[in-house]
Amino acid sequence: MKQLTKAEEEVMQLLWEQEEANVASIIEQMPNPKPAYNTISTIIRILENKEFVAHRKKGKGYIYFPLVKKDDYSGQSLDKLMNNYFNGSFRNMVSFFVKKNDMSVKDFEQILKELDK
């Protein structure tokens, strides 16, 4: 699976939330200052080329929808992070985040309970 730029990922996050949208509704959900219509339209075309997004015609415009599930992309991104920065060790990655976020033992135990489910 291809990696997304920060701008592409921001648009995908909005599409995952909305499930389908036109360019105007994507822009509407973005923080101020709003990007130009052509900017988002270009990002959507790039996402289509990367096969993350498809469209269907509606009236004179298009409705865009994700082809890649958020969980699939998240999992692939975590795998890449783990392999590139933690020598493929899940243990090293979790240990890093526990230390970095100054996590309490209680919080860590709750995470372990969630993982056991």
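What you are looking at is a predicted structure, and each value in this text was computed from that prediction instead of being measured.

Q: Can you walk me through the overall build of the protein in this structure?
A: Looking only at helices and strands, one finds six helices and two strands in the protein. Start at the N end of the protein and walk to the C end: the helices and strands fall as α-α-α-β-β-α-α-α. Computed over the C-alpha atoms, the radius of gyration of the protein is 18 Å, more than 25% above the 13 Å expected from 2.2 N^0.38 for a compact globule of 117 residues. Residues counted as buried form 24% of the 117 residues belonging to the protein. Residue pairs at least 24 apart in sequence account for 48% of intrachain contacts in the protein once pairs closer than 6 positions are excluded. A total accessible area of about 8,600 Å² is found for the protein, and carbon and sulfur atoms account for 51% of it. Once the 18 positive and 17 negative side-chain charges of the protein are each reduced to a mean point, those two points are 4 Å apart.

Q: Could you clarify how one ought to interpret the packing of helix H1 (residues 6-18) against helix H3 (residues 37-49) in this entry?
A: When two helices pack together, their arrangement is given by the angle between the helix axes and the distance between those axes. For the pair H1 and H3, interaxial distance at closest approach is 10 Å and the crossing angle is 85°. Taken together, the axis directions place H1 and H3 in an arrangement best described as roughly perpendicular. Side by side, H1 and H3 meet where Ala7, Glu8, Val11, Met12 and Leu15 of the first sit next to Ile40, Ile43, Ile44, Ile46 and Leu47 of the second.

Q: Would you mind going over the pattern of salt bridges with me for this structure?
A: Any two side chains of opposite charge can pair if their charged atoms end up close together. One pass over the structure, following the stated rule, counts two salt bridges. Residue Lys50 is joined to Glu8 by a salt bridge in which the shortest nitrogen-to-oxygen separation is 2.7 Å. One end of the pair, Lys50, is in the loop between H3 and strand E1 (53-58); the other, Glu8, is in helix H1, and 42 residues separate them in sequence. Exposure remark for Lys50: the relative accessible area of 22% places this residue in the partly exposed category. A residue is classified by how much of its surface remains accessible, and Glu8, at 5% relative accessible area, is buried. Residues Glu20 and Arg56 are paired through a salt bridge, measuring 2.7 Å at the closest nitrogen-oxygen approach.

Q: Looking at this structure, I do not really get the packing of aromatic side chains. What am I missing?
A: In this description, an aromatic ring pair is defined by two values, namely the gap between the centres and the angle between the planes. All told, the structure shown has six aromatic pairs when counted by the stated rule. Look at Phe86 and Phe97: their rings are 6.2 Å apart centre to centre, the planes differ by 50°, and that puts the pair in the tilted class. With Phe86 in the loop between helix H4 (70-85) and helix H5 (90-100) and Phe97 in helix H5, the pair connects residues that are eleven residues apart, well separated along the chain. Its relative accessible area of 11% is what places Phe86 among the buried residues. Here the aromatic rings of Phe96 and Phe97 are separated by 5.2 Å at their centres, their planes lie at 80°, and the arrangement is edge-to-face.

About the cut-offs
- Residues numbered from 1 in each chain as written.
- Predicted model: local features only at pLDDT ≥ 70, side-chain atom pairs only at ≥ 80, totals over all residues.
- Heavy atoms only, no water.
- Helix = DSSP H or I, 4+ residues; strand = E, 2+ residues; numbered from the N terminus.
- Rg over C-alpha atoms; globule rule 2.2 N^0.38 Å.
- Buried < 20%, exposed > 50% of the residue type's maximum accessible area, 1.4 Å probe, protein only.
- Contact = heavy atoms within 4.5 Å.
- Areas by Shrake-Rupley, 256 points an atom, 1.4 Å probe, with all protein chains shown as cover.
- Lys, Arg positive; Asp, Glu negative; His and termini not counted.
- Charge placed at Lys NZ, Arg CZ, Asp CG, Glu CD.
- Axes fitted to C-alpha atoms, helices over the stretch in contact; angles between N-to-C directions.
- Parallel < 35°, antiparallel > 145°, perpendicular 65-115°, else oblique.
- Salt bridge = Lys/Arg side-chain N within 4 Å of Asp/Glu carboxyl O.
- Phe/Tyr/Trp six-rings, centres within 6.5 Å; stacked < 30°, edge-to-face > 60°.

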